[in-house]
Amino acid sequence: MYQASYLKHFTEEVFLAIGCSPEEARLASNVLVSADLRGVDSHGIARLAGYVRLYDQGRLNPKPEVKIVYETPSTAVVDGDRGLGLVVAPKAMEIAMEKAEKVGSGWVSVRNSNHFGIAGYHAMLALEKDMIGWTMTNAAPLVTPTFSLDKLLGTNPIAVAVPASQEPAFVADFASTAVAYGKFEILQRKGLPAPLGWAQDSEGNATTDSNAVKSGGGLLPLGSDREHGSHKGYGLGAIVDIFSGVLSGANFGPWVPPFATAGFMSTQQGVGLGTGHFLGAMRIDGFRPAEEFKKDMDKWIGAFRGARAVDGQKVLIPGDPEREMEAERSVNGISLLEPVVVSLAELASRFNIPFEKNL
């Protein structure tokens, strides 16, 4: 078990060691460990070694010049200069919120970036300004569209954060696949099979092999198969890819570069620049008084949370599980799998950073 503050400090030291500025190392570590706090272990500190490998491969610029390359009063394209997506995305959201403050909404498409952690972190930045936040990102092609044997899309998550008054914010953060690939990495570390409906093998058959994607298979879209609505998950993933990649000039579809931990994937000649994101901010008072809206959001949340539930269950509001996990882990600490601890110890040894394997 590790306290979040300890993991943040260690992560910050690693980012400093590869050349990030103190401000950006601090921001990146906060984004990364926020995933562990919220229970999204697949996107947390377990990925730290992957960012270092991106740097080793020359794909990550630790001191990027993040800049606007095209804009209107309400829109912009931002070039991330191959920076950490953990840094590029929050900066892009700041631009979106600045535009929203001026004209009611702001929309930013990002190119030339890298993996940006959990989508929800960036969407939730808008909550501090009484805005609704939107975040999307494309990702390496691990997903087979409905009826396809070829992997053409990433897990392509979407996050939307909506403020309320007395109730906690509504925060929907989900991949457009049955699960994120990081869930497979966790199962692989534990030597466990995957639930049926998560992946298909190289011949298009449903499988429980947690290594299927490495063996020529692919992740399935949300819905798993046509009879259960996989065409809808495919559609969501396609929308994210177009908004994040085609709109910005980033790579898209099968050309999105893989994250460094996906060693079974090869980087090929792209059609754009890096990984793409799409972020948006909407000022609530561009539609109606913010306090009135937030009070109605309280009523909306209350109605759903108070719904009759099946025995032993309760109706959850998007964001509830992550919020409850963050409250628990902020006090009791974050549990890391042994392979993750080993990878952190290796980073500590490489960069001569203190790291306790047992706290």
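Overview of the structure. (Residues numbered from 1 in each chain as written. Predicted model: local features only at pLDDT ≥ 70, side-chain atom pairs only at ≥ 80, totals over all residues. Heavy atoms only, no water.)

1. Re unusual backbone geometry
Part 1 of the argument: For Asp 81, which is not a glycine, the phi torsion comes out positive at approximately 55°.
Part 2 of the argument: Structurally, the position occupied by Asp 81 is in the loop between strand S2 (75-79) and helix H4 (85-103).
Part 3 of the argument: You will see that Asn 352, though not glycine, has its phi angle at about 55°, which is positive.
Part 4 of the argument: The topology assignment puts Asn 352 in the segment after helix H10 (338-351). (Helix = DSSP H or I, 4+ residues; strand = E, 2+ residues; numbered from the N terminus.)

2. Structural notes on the pattern of salt bridges
Part 1 of the argument: Here the structure, examined in full by the defined rule, presents 19 salt bridges.
Part 2 of the argument: A salt bridge links Asp 79 to Arg 111; the nearest nitrogen and oxygen atoms lie 3.1 Å apart. One end of the pair, Asp 79, is in strand S2; the other, Arg 111, is in strand S3 (residues 105-113), with 32 residues separating them in the sequence.
Part 3 of the argument: A residue is classified by how much of its surface remains accessible, and Asp 79, at 9% relative accessible area, is buried.
Part 4 of the argument: Residue Asp 296 pairs with Arg 288 through a salt bridge whose shortest N-O separation is 3.1 Å.
Part 5 of the argument: Under the relative-accessibility criterion, Arg 288 is labelled partly exposed at 31%.
Part 6 of the argument: What emerges from the salt-bridge pattern is a single network uniting Glu 167, Arg 305, Asp 320 and Arg 323. (Salt bridge = Lys/Arg side-chain N within 4 Å of Asp/Glu carboxyl O. Buried < 20%, exposed > 50% of the residue type's maximum accessible area, 1.4 Å probe, protein only.)

3. Some remarks on the sheet that holds strand S10 (residues 275-283)
Part 1 of the argument: Ordered in space as S1-S2-S3-S10-S4-S5-S6, the seven strands form an open sheet in which the pairing is mixed. The sheet terminates laterally at strand S1 (67-71) and strand S6 (170-174), the two strands that pair on one side only. Along the sheet, successive strands turn relative to each other by an average axial angle of 15°, direction set aside.
Part 2 of the argument: With four bridges joining them, S1 and S2 adopt antiparallel strand pairing. (Pairing = 2+ DSSP bridges. Axes fitted to C-alpha atoms, helices over the stretch in contact; angles between N-to-C directions.)

4. Looking at the sheet that holds strand S7 (residues 199-200)
Part 1 of the argument: Pairing is antiparallel across the open sheet formed by three strands, whose spatial order is S8-S7-S9. Pairing within the sheet leaves two strands with one partner each, and these edge strands are strand S8 (206-207) and strand S9 (218-219).
Part 2 of the argument: As paired strands, S7 and S8 are joined by two bridges and run antiparallel to one another. Within S8, the residue paired with Gln 200 across the bridge is Ala 206.

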